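# An overview of the molecular structure
Read off the chains here:
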Amino acid sequence: MDLLNAALLGLLFMVGAAGVAGLTGPLIVIGTEGESVSVKCYSNQHIFSNSAFWCRFGLYGKCHQIIRADDNKMDTKVNIEMVHSGFEIKINKITASDAGQYQCGLSDYYDETHKVELKVLPAPGLKGPMRVTALVDRSVEVKCQYSQKYNSPFYKKYFCKWTSNDLCNKLTSYTRPKVTIKDNDSSSLFDATLSDLVKNDAGRYACGISDQYNMEITSPVELVLHTDIKGNPKVTGAVGMSVVMTCEYAKKYKDSTKYWCKTNPKHCFYQSERHSRPIIQDHKWKYLFTLEIYQVEVADAGSYECVIVDSRNAFLYFEMELAVTDYPIFTEQKTITEYRGKSIKIKCHYSQTYNGYEKIWCKEEPGRCLPLASSQYPQARVAFEDDRESGTLIVTMYDLTVNDTGCYKCKSRWYTKSINCPVNLQVLDLEILKVQNTMEKTVGSPAMLECHYKPQYVEYEKYWCKLEINGKCQSVDSNRDGQKRWEVNDKTNNYTLTLYTRTLTMEDAGQYQCGIRRSEYPIDTVQVQLRVLPTKEEDTTITHQTDGSSRTANSGTRIIAWLNENKIFLIIIGVLLVLILIIVVLLIARMIRRRVRLTHNDKDNSFGVRLRNVQNTPAVYPEVQSSQQMASIGTSVDIEESSSDSSECSEDT
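Residues numbered from 1 in each chain as written. Predicted model: local features only at pLDDT ≥ 70, side-chain atom pairs only at ≥ 80, totals over all residues. Heavy atoms only, no water.

### Side note on the state of the cysteines
- If you walk through the whole model with that rule in mind, you get 10 disulfides.
- In this model C160 forms its disulfide with C168; the gap between the sulfur atoms is 1.9 Å. With the S-S bond torsion at 85°, the cross-link from C160 to C168 turns out right-handed.
- Owing to a relative accessible area of 1%, C160 belongs among the buried residues under this scheme. (Disulfide = S-S within 2.5 Å. Buried < 20%, exposed > 50% of the residue type's maximum accessible area, 1.4 Å probe, protein only.)

### Details of the pattern of salt bridges
- Within this structure, the stated rule accounts for 20 salt bridges.
- Residue D201 pairs with R176 through a salt bridge whose shortest N-O separation is 3.1 Å. With D201 in the loop between β16 (189-195) and β17 (203-210) and R176 in the loop between β14 (168-170) and β15 (178-184), the pair connects residues that are 25 residues apart, well separated along the chain.
- Residue class for D201 comes out buried when judged on its relative accessible area of 2%.
- Each of R138, K230 and E248 takes part in a single network of salt bridges with overlapping partners. (Salt bridge = Lys/Arg side-chain N within 4 Å of Asp/Glu carboxyl O. Helix = DSSP H or I, 4+ residues; strand = E, 2+ residues; numbered from the N terminus.)

### Structural notes on the nonpolar core
- By size, the foremost hydrophobic cluster in this structure holds 51 residues, and its most contacted members are V142, F159, L194, L223 and W464.
- Element by element, the count of residues in this core is highest for strand β47 (residues 521-533), at 5 residues.
- Every residue in contact with F159, bar those within four places of it in the chain, is listed here: V142, N169, K170, L171, V179, I181, A192, L194, Y205, A206 and C207. (Core = buried A, V, L, I, M, F, W, Y, C linked by side-chain atoms within 4.5 Å. Contact = heavy atoms within 4.5 Å.)

### Looking at the pairing of β15
- Where β15 lies against β16, 7 bridges are found, and the strand directions are antiparallel. Bridging from a neighbouring strand, V179 pairs with L194 of β16.
- What sits between β15 and β16 in their antiparallel hairpin is a turn of 4 residues, with S188 showing a positive phi close to 50°. (Pairing = 2+ DSSP bridges.)

### Section: the sheet that holds strand β28 (residues 329-331)
- Taken in spatial order, the 4 strands line up as β28-β30-β34-β33 in an open sheet, and their pairing is antiparallel. At either margin of the open sheet sits one strand with a lone partner, and together these are β28 and β33 (382-387). Here the average twist between neighbouring strands, direction ignored, is 25°.
- Pairing of β33 with strand β34 (residues 392-397) involves 6 bridges; the strand directions are antiparallel. When the sheet's bridge partners are listed, E385 is paired in β34 with I394. (Axes fitted to C-alpha atoms, helices over the stretch in contact; angles between N-to-C directions.)

### Re the side chain of K161
- Structurally, K161 can be placed in strand β13 (residues 156-162).
- Buried charge without a salt bridge: K161, with D201 as the nearest opposite-charge side chain at an N-O distance of 4.7 Å.
- There is a polar contact of 3.2 Å between the side chain of K161 and the backbone oxygen of N200.
- Not counting residues within four places of it along the chain, the set of residues in contact with K161 comprises L167, C168, N169, L171, N200, D201, A202, R204 and Y205. (Lys, Arg positive; Asp, Glu negative; His and termini not counted. Polar contact = N/O pair within 3.5 Å; in protein donor to acceptor, adjacent residues only side chain to side chain.)

### Considerations on the confidence of the model for the chain
- Per-residue confidence for the chain averages 77 on the pLDDT scale, and 75% of its residues sit at or above 70.
- For the chain, the element scoring lowest by mean pLDDT is helix α1 (residues 2-18), at 40; strand β45 (residues 496-501) scores highest, at 92.
- Segment residues 541-547 is flagged for pLDDT under 50; beyond a separation of four residues in sequence, or across chains, it makes 3 contacts in the model.
- pLDDT under 50 marks residues 633-653. Its contacts with residues more than four places away, or in other chains, come to 11 contacts. (pLDDT = per-residue confidence, 0-100.)

### Here we look at the packing of aromatic side chains
- Per the stated rule, a full pass over the model turns up 10 aromatic pairs.
- When the centroid spacing of 5.1 Å and the interplanar angle of 10° are considered together, the rings of W54 and Y102 count as stacked. In this pair, W54 is assigned in strand β4 (residues 52-57) and Y102 in strand β8 (residues 100-106), connecting sequence segments 48 residues apart.
- Using a relative accessible area of 1% as the deciding quantity, one classes W54 as buried.
- Y102 gets classed as buried once you look at its relative accessible area, which sits at 4%.
- Taking the centre distance of 5.6 Å and the plane angle of 5° together, the rings of W361 and Y408 count as stacked. Taken as a pair, W361 in strand β31 (residues 359-365) and Y408 in strand β35 (residues 406-412) lie far apart in primary sequence, 47 residues in all. (Phe/Tyr/Trp six-rings, centres within 6.5 Å; stacked < 30°, edge-to-face > 60°.)

Written out as structure tokens, the structure is:
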């Protein structure tokens, strides 16, 4: 499988690099609903600022222009920007309808075009931050992103707090803590602002959406509170880049003395120092105290302290650890354990020197790191978000499988030095779907097939289908003879996908498949064997009065069931028997035709002999001949007859 992925990736690199007449770019761009994607097209020709364009292919193969570089109109959906040796198209807030075939091109060179396919993955139903930190007496804002299908007044957004009884109590502006909900329909995002926080407000919360049928989905959020000062305990920087360490403090320390110190060796930095290499800033309106280091060096690594002196000359400390790497691109080290079918996000940081270089996501193997995708050529299950301003690359792997277990990292194509196994991924094989393997029902009775799935897959696409002889799975949720015989229902309250029919027929027997997928990518499937047995009236044509006759009826039922299970085998046997019968008939016909031809030849030969005898017989004269002359005549006739027979035999031979 890895070799196949490597071959496909190499093919994409070669095709994308070749392009048409010098214009190159990605073949496939993948994004998630509600997010933005960018497409970069490069050319080896000189590009005029007004020659670049972006178009989309329609139903009849015509590419309809969307935007040109010289357009004066402002388009909030699609923007085009000239970059070094090419141009970049950015599509904002993509939707499922944006998926399709596009083309970037240059109007000055009509043969310079490059086709790009945009794939849009469905957004998660509801997603909030896993953890939020805040200070006591302050407020904090929690952003909850939801799918566009919940962008309707029928769906109510809320924020709740979990109790010890596993109940999530909905919060309002009159509860403790106070919560204000602001729903932004245009961005499919609602904000929950928690104000006037106290120590007891720390704990487990959740973003939530509900409808009129009491259907609810939630996303967990953990709130961590600090009393006086807080910050990120671990900060990572790269050589040649800038790094900022932030310390957030309570309101009462707005006018207090503040400074930063590096503990080893001990050296402190104050705001009064101008033009110093670390820049110290106190953003009092935000209650933030920052230390920024430009052009980070390896020697800058170590422990730092954010120090605040209160009105009683008491010192408050918050310690941070700065890690510095001299690699041009490095991956945040972590160990991840996730279930099959889920997705993960990994952050990679790189130096500004490698801003325009290609970044590669690879899987470590003995002696090499196998490329899976790159920032220029993403794959179906790997997406990239490249923020060049901050030098951050976010890699997302979708629809994980057990075979994805291993070590991963980001690397540059032109620089191979990197840390070994920064991301250690382990994918667990979770039983996503569960069904009853076999079900037996009688003709005319109702039947319900149940497929149970895990709660975390409630927003995924699920389906039922019937496996055909040719291996295809035909959807059962369709009409036949103007009536809908099968009903598919997703019961989200107990996480069950059901397939129901009121009346079974013998044609309904067979193997059914329940599946779950995300977009076009399957995650898990299970099969159910449905056996349809005839009713007792159909199976019993004679009244059975003895045990022996009862056994005969049961045998007939088993035979019918066996025939239903082995339809394919019986069809193959029947076809072979028909072929053998045709061959036998052809052979018999050929033998009869040959015998008729031989009989006809024998009749022709005998007729020829008689005709020659008549021709060779001398005329009978009225004179009376002697007996010796008659004998000589008979002898000559016999001799001629025998000689004519021998000559005919030689001709036949």
